[in-house]
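Listed here are the chains, written in short residue letters.
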Amino acid sequence: MFPKGTKRKFSDSGEEAVSSGDQGPAAPSAAARMLSSSYSLQRQSLLDMSLIKLQLCHMLVEPNLCRSVLIANTVRQIQEEMTQDGTWQIMTQALAAAQCPTDRLVATEVLCRQTDPAAQAGQSPKPYAVVGVEEGYHSEEVVMEGDVETDVTMSTLSPVSPQLSSASYLAGPFGMGPCWEEEEEDGECEEEEEEEDSEECVSEGEEGDGDHLSADSRTGEQVFGTFEIKHPAPPPDPALEELFSDVDPSYYDLDTVLTGMQSAPKMGPYDLLDSLSSHGPTALSSSSSCRSDLNELDHIMEIIVGS
Amino acid sequence: MAGVAGGNDFQWCFSQVKGAIDEDVAEADIISTVEFNYSGELLATGDKGGRVVIFQHEQESKNRPHLRGEYNVYSTFQSHEPEFDYLKSLEIEEKINKIRWLPQQNAAHFLLSTNDKTIKLWKISERDKRAEGYNLKDEDGRLRDPFRITSLRVPVLMPMDLMVEASPRRIFANAHTYHINSISVNSDHETYLSADDLRINLWHLEITDRSFNIVDIKPANMEELTEVITAAECHPHQCNVFVYSSSKGTIRLCDMRAAALCDRHSKFFEEPEDPSSRSFFSEIISSISDVKFSHSGRYMMTRDYLSVKVWDLNMENRPVETYQVHEYLRSKLCSLYENDCIFDKFECCWNGSDSAIMTGSYNNFFRMFDRNTRRDITLEASRESSKPRATLKPRKVSTGGKRKKDEISVDSLDFNKKILHTAWHPKDNVIAVAATNNLESAALIPTSISDSYKLCPPMFYKPHVHYL
């Protein structure tokens, strides 16, 4: 009756833990909740599930806005609670510790590609579930480093855009911004929109990355603040800068929180990885497969153009 | 047996099933909206394939006066076609989200049907006569040679087989960026409102190229979006009043006389949250899926995921009545979140006298609540257990512990069989319940005269969809 997915023992007994965990006075219960591992596991898997739901939007039909808003609010709520608990800080610390310095943020690439039909077919990096670990960083490099690759990414992404819903390019918190905004932009041409958003993803990666590394030196509350980019970023492309000039950096606050969450599996309970993998196909892609993914995107593009 | 309407003990009896008998139902045949017209004579259904099927109540036969009239197909037409938005590379579904009838003003019937983006006004008219004896053309329509005509005659109207025609009279398009979830005809019979996730527009039935935006909750920065409009309805008597519900469980009543843009509500209805039942799903289950004014206009009813609430329009801080639809699902919210069932939008409806309310649930169950006696009943709309005239047996879900005989346990409920759309005849105790693709209608028959019944032969109807 219920689809296989998150383990039942978490889903239902955890539900009571969640409910009961929310009662009680603030400070002691925060500590109590920290101790209640089933509660935090439950909360984590709920967050997981919510993020996946947000990303798996329908390709052909516009996503249900009400559902997306409700899921996004749930994610926000969980994150607020985790920040209050201090759990959030633990995760970002572990994340930073697990990260190598040259790694970039993963999720932006993920978010940029979320409903790529190739992704659905298991060819390009899977959203979120896949790119959560080190391989994703390579793919991020593919996206961002060098003009050639960036161009390839851009140009590869753009032609695919006719197949993608405008929801596929997520640059706002939970990736909702442009998804919702684009519905308004009737006059703009499709290609222009998609390209703009893919570029937004790129820039977001840069900023978010800076946040990643700086997050470990900040408290949980400060995660939501603005960041400095401590990590050497590639020299900014003036064309990209121009496009980003009016992009609100507050976009990235919660989005970076999300990306931090995504890497949590490295330190968090491995059940997360299980639940992640159970939600969708989880071929962990290496950088080489990323490149082959791009080739496959080219292939798809040819098909589209050919048809 | 538990009764529903006050007075005599009533029982609900199964009347008819419309729809395919086979188990595999085409996706396009799934009924997405059900609506009786003002007299109850006509019942309109819309489906996912963009079709509208209208059923008409047959006159009760004089020979068998106790036999309730049946509803038979009156008209079928394709209301909306799938479209493709080339600018956004998105499909626009042809699924009919809502149908609303206009009050009848002449021999023809008018209804509004809407999909996600476009509202159409359809005229359904009967033709049972045709003119014969034209001068300039033959009976088969060929033009005659005018020089051959030697005499003139007056065409005569001859009876013909009844033909019901549906024609689109107005198309109200391009006014909604987001998906339309509600339409509601105003009591002035000249205007109507349409609501999408973030905006509500007011239209004049005659004017298609223009509408007034009366509510706009779109934030300047879409990242700040946390609340959407889920349903809207015009007041049944006061043409300046309407309500809209939100995904946060609030209802706003607006007065169009106050301002052109009704962003500031006149009344704000919200029940304070119960802190003891707070969970991560609290907001989702508080999201209101349907709002309906009572026929009297004094109350309104809202449906959230687990309950139905009746509000007195004069009291904003809490509902006057709350009915639990399927409280046993509260412990299953996480699973229901996972399989997306928690986002199901159930409708609710009043009976003609506002003494009872009805809403759907899972496992093809639907629930009716008598507001006066506070009794409630759960019935199942399933083909297997339904013979015409058979009394519908009340069902019960066992909430825990030992499952009694005839009870169903929560874990064996079929969450794919959900009754989202229900309608209640405006005058009679007849209800229409849409279960997947079957439209089931049930008639209430008083048990006191059950002895004089004759069971009529089964009347399962398998529609041949024909396009007019």
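In what follows, the structure referred to is the one given above.
Here we summarise the structure given alongside this text. (Residues numbered from 1 in each chain as written. Chains lettered and ligands numbered in written order. Predicted model: local features only at pLDDT ≥ 70, side-chain atom pairs only at ≥ 80, totals over all residues. Heavy atoms only, no water.)

Notes on the overall build of chain A
In terms of regular secondary structure, chain A is built from 15 helices and zero strands. Among the 307 residues that make up chain A, the fraction classed as buried is 58%. Contacts in chain A between residues far apart in sequence, at least 24 positions, make up 78% of those at least 6 positions apart. Carbon and sulfur atoms form 56% of the exposed surface of chain A, whose accessible area is close to 11700 Å². (Helix = DSSP H or I, 4+ residues; strand = E, 2+ residues; numbered from the N terminus. Buried < 20%, exposed > 50% of the residue type's maximum accessible area, 1.4 Å probe, protein only. Contact = heavy atoms within 4.5 Å. Areas by Shrake-Rupley, 256 points an atom, 1.4 Å probe, with all protein chains shown as cover.)

Quick look at the overall build of chain B
For chain B, the count of helices and strands is two helices and 33 strands. Excluding contacts between residues fewer than 6 apart, the proportion of contacts in chain B whose partners are at least 24 apart in sequence is 56%. As presented, chain B carries roughly 21100 Å² of accessible surface, and 50% of it is formed by carbon and sulfur atoms.

Description of the sheet that holds strand 26 (residues 365–370) of chain B
Residues and elements named next belong to chain B. Taken in spatial order, the four strands make up an open sheet running 24-25-26-27, and their pairing is antiparallel. Because the sheet does not close on itself, it has two edges, and the strands there are strand 24 (348–350) and strand 27 (376–380). Taken over all neighbouring pairs, the strand axes of this sheet differ in orientation by 20° on average, direction set aside. Pairing of strand 24 with strand 25 (residues 356–360) involves three bridges; the strand directions are antiparallel. Looking across to strand 25, one finds that cysteine 348 is bridged to threonine 359. (Pairing = 2+ DSSP bridges. Axes fitted to C-alpha atoms, helices over the stretch in contact; angles between N-to-C directions.)

Considerations on the pattern of salt bridges
Taken as a whole and judged by the stated rule, the model has 30 salt bridges over all chains. With a closest N to O distance of 3.1 Å, B:Asp138 and B:Arg144 form a salt bridge. With a relative accessible area of 31%, B:Arg144 lands in the partly exposed category. Salt bridges sharing common partners tie together A:Arg43, A:Glu81 and A:Asp85. (Salt bridge = Lys/Arg side-chain N within 4 Å of Asp/Glu carboxyl O.)

Description of helix 4 (residues 65–85) of chain A
Residue and element names in this part refer to chain A. The end-to-end C-alpha separation of helix 4 is 30 Å, in line with the 30 Å expected for 21 residues at 1.5 Å each. Among the 21 residues that make up helix 4, 19 are buried, leaving the element largely enclosed by the rest of the structure. For helix 4, the side-chain oxygen to backbone nitrogen distance between the N-cap and cysteine 66 is 3.1 Å, and the N-cap itself is asparagine 64. Glycine 86 sits one or two residues past helix 4 and shows a positive phi near 85°. (Expected span 1.5 Å × (residues − 1). Polar contact = N/O pair within 3.5 Å; in protein donor to acceptor, adjacent residues only side chain to side chain.)

With respect to the pairing of strand 13 (residues 191–195) of chain B
Residue and element names in this part refer to chain B. The element strand 13 is largely enclosed, with a buried count of five among its five residues. Of the two faces of strand 13, the one lined by Thr191, Leu193 and Ala195 and the one lined by Tyr192 and Ser194 are each fully buried. Counted between consecutive antiparallel strands, the loop separating strand 12 (residues 182–185) from strand 13 contains five residues, among which histidine 189 sits at a positive phi close to 60°. Between the antiparallel neighbours strand 13 and strand 14 (residues 199–204) lie three residues.

Some remarks on the sheet that holds strand 2 (residues 31–36) of chain B
Residue and element names in this part refer to chain B. If you walk across this open sheet you meet the four strands as 2-3-4-5, and the pairing is antiparallel. Edge positions in the sheet fall to strand 2 and strand 5 (71–78), since each has one partner strand and no second. Recorded for the sheet is a direction-independent mean angle of 20° between the axes of neighbouring strands. Inspection of the sheet shows strand 4 (residues 51–57) paired to strand 5 by seven bridges, in the antiparallel sense.

Some remarks on the packing of helix 3 (residues 37–55) of chain A against helix 4 of chain A
Residue and element names in this part refer to chain A. Where helix 3 meets helix 4, the axes come as close as 9 Å, and the angle between the chain directions of the two elements is 145°. The element helix 3 and its partner helix 4 pack so that their crossing is left-handed. Residue-level inspection shows Tyr39, Arg43, Gln44, Leu46, Leu47, Ser50, Leu51, Lys53 and Leu54 of helix 3 in contact with helix 4, the latter providing Arg67, Ser68, Ile71, Ala72, Thr74, Val75, Ile78, Gln79, Glu81, Met82 and Asp85. Tallied by class, the residues present in the contact of helix 3 with helix 4 amount to 10 nonpolar, five polar and five charged. (Left-handed = near helix turned anticlockwise from the far one by under 90°. Nonpolar A, V, L, I, M, F, W, Y, C, P; charged D, E, K, R; others polar.)

A word on the packing of aromatic side chains
All names here are of chain B. Evaluated as defined, the whole model comprises 15 aromatic pairs over all chains. Between phenylalanine 77 and tryptophan 122 the ring centres are 4.4 Å apart and the planes differ by 40°, which places this aromatic pair in the tilted class. Note that phenylalanine 77 is positioned in strand 5 and tryptophan 122 in strand 10 (residues 119–132), a separation of 45 residues in sequence. For phenylalanine 77, a relative accessible area of 2% puts it in the buried group. Measuring from centroid to centroid gives 6.1 Å for tyrosine 192 and tryptophan 203, while their planes differ by 5°, and the two rings are stacked. (Phe/Tyr/Trp six-rings, centres within 6.5 Å; stacked < 30°, edge-to-face > 60°.)

Describing the nonpolar core
Most often, soluble globular proteins keep nonpolar side chains buried together rather than apart. With 44 residues, the main nonpolar core has B:Tyr305, B:Leu329, B:Tyr337 and B:Ile342 as its most contacted residues. Of all the secondary-structure elements, those providing two or more residues to this core are helix 3 and helix 4 of chain A together with helix 1 (282–286) and helix 2 (333–338) of chain B. Looking at which element gives the most residues to this core, the answer is helix 4 of chain A, with eight residues. Contacts of B:Leu329, omitting those with residues within four sequence positions, involve B:Tyr305, B:Leu306, B:Leu336, B:Tyr362, B:Val410 and B:Phe415. (Core = buried A, V, L, I, M, F, W, Y, C linked by side-chain atoms within 4.5 Å.)

Focus on the environment of B:Ser113
Residues and elements named next belong to chain B. Along the chain, the position of serine 113 falls in strand 9 (residues 109–114). What makes serine 113 buried here is its relative accessible area of 0%. Between the C-alpha atoms of serine 113 and arginine 100, which are 13 residues apart in sequence, the distance is 6.5 Å. Setting aside residues no more than four positions away along its own chain, serine 113 makes contact with Val52, Ser79, His80, Ile96, Lys98, Ile99, Thr118, Ile119, Lys120, Trp122 and Ile183.

Section: unusual backbone geometry
Residues and elements named next belong to chain B. At asparagine 174, a residue that is not glycine, the phi angle is positive and equals roughly 65°. Looking at where asparagine 174 falls in the secondary structure, it is placed in the loop between strand 11 (156–172) and strand 12. Asparagine 174 sits in the exposed class, given a relative accessible area of 79%. Here the phi dihedral of aspartate 354 falls at roughly 65°; this positive angle occurs in a residue that is not glycine. Inspection of the secondary structure assignment puts aspartate 354 in the loop between strand 24 and strand 25. A relative accessible area of 8% means that aspartate 354 is categorised as buried.

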